[in-house]
Amino acid sequence: MKKYFLLLAPVYLLTIHSCNTADLFEKNVAIPKYQWDYTYKPAIQFNISDTASWYNIYLVLRHTEAYGFNNIWVKISSKAPGDSALSTQQFDLPLASQNEWLGRGMDDIYEHRILLNSRPAKFKQPGNYTVSIEHVMRENPLRHVMNVGLRLEKVKQ
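The paragraphs below set out a description of the structure included in this document. (Residues numbered from 1 in each chain as written. Predicted model: local features only at pLDDT ≥ 70, side-chain atom pairs only at ≥ 80, totals over all residues. Heavy atoms only, no water.)

1. Thoughts on the sheet that holds strand E5 (residues 71-79)
Next up, step 1: Strand order in the open sheet formed by four strands is E3-E9-E5-E6, and the pairing between neighbours is antiparallel. Strand pairing shows two members of the sheet lacking a second neighbour, strand E3 (43-48) and strand E6 (87-94), which therefore form its edges. Each strand axis lies, on average, 25° off the axis of its neighbour in the sheet, ignoring direction.
Next up, step 2: Of the strand pairs in this sheet, E3 and strand E9 (residues 127-135) are connected by six bridges, and their pairing is antiparallel. Opposite Gln45, over in E9, you have Thr130 as the bridge partner. (Pairing = 2+ DSSP bridges. Helix = DSSP H or I, 4+ residues; strand = E, 2+ residues; numbered from the N terminus. Axes fitted to C-alpha atoms, helices over the stretch in contact; angles between N-to-C directions.)

2. Notes on the environment of Asn147
Next up, step 1: Note on placement: Asn147 falls in strand E11 (residues 145-154).
Next up, step 2: When the C-alpha atoms of Asn147 and Pro42 are compared, they prove to be 9.9 Å apart, with 105 residues separating the residues in sequence.
Next up, step 3: Those residues in contact with Asn147, other than ones at most four positions away along the chain, are Asn28, Val29, Ala30, Ile31, Val60, Leu61 and Arg62. (Contact = heavy atoms within 4.5 Å.)

3. Section: the nonpolar core
Next up, step 1: In this structure, Trp36, Ile72 and Ile133 are the most contacted members of the largest nonpolar core, which totals 32 residues.
Next up, step 2: Elements with a contribution of two residues or more to this core: E3, strand E4 (55-64), E5, E6, strand E8 (109-115), E9 and E11. (Core = buried A, V, L, I, M, F, W, Y, C linked by side-chain atoms within 4.5 Å. Buried < 20%, exposed > 50% of the residue type's maximum accessible area, 1.4 Å probe, protein only.)

4. What to know about the pattern of salt bridges
Next up, step 1: Considering all chains together, one arrives at eight salt bridges under this definition.
Next up, step 2: The shortest N-O distance in the salt bridge between Glu111 and Arg62 comes to 2.3 Å. Taken together, the positions of Glu111 in strand E8 and Arg62 in strand E4 put the pair 49 residues apart, joining distant regions of the chain.
Next up, step 3: On the basis of relative accessibility, which here comes to 13%, the residue Glu111 falls in the buried class.
Next up, step 4: A salt bridge links Arg104 to Glu111; the nearest nitrogen and oxygen atoms lie 2.9 Å apart.
Next up, step 5: Residue class for Arg104 comes out exposed when judged on its relative accessible area of 58%.
Next up, step 6: Through salt bridges that share partners, Glu26, Arg62, Arg104, Glu111, Arg113, Arg151 and Glu153 make up one connected network. (Salt bridge = Lys/Arg side-chain N within 4 Å of Asp/Glu carboxyl O.)

Here it is, written out as structure tokens:
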């Protein structure tokens, strides 16, 4: 009986954890050779079916310890279903305090999940949304950036 419990315990814990999660979507895109060029603007698509819920929107960034700045400037462009115009916003995102990285680290790799919206947002219409992310730092290519992505979480009510 004890053997079965030990075998099923991870499945049980994973099931409980997945029931309590509010995650909706996360996608990360690898930066070729860890050198993010101005011309490389990863596009991420996601589908929204629930327009009644509120969402938190995060930028996900993974870099090595050798990244040379304590922040990153990004320009995020989004296109709603049925729209032909892009909505663009620029962000200055902190990655480090004076003495340490702000994200979670393992060995020499750091991951940041940075909230982009100060208040939860609603999507006005259902359908496929497209978001592109580009860096607007002075250095080109921006070295030591491994991945960039987007994470949407439903706000628990």
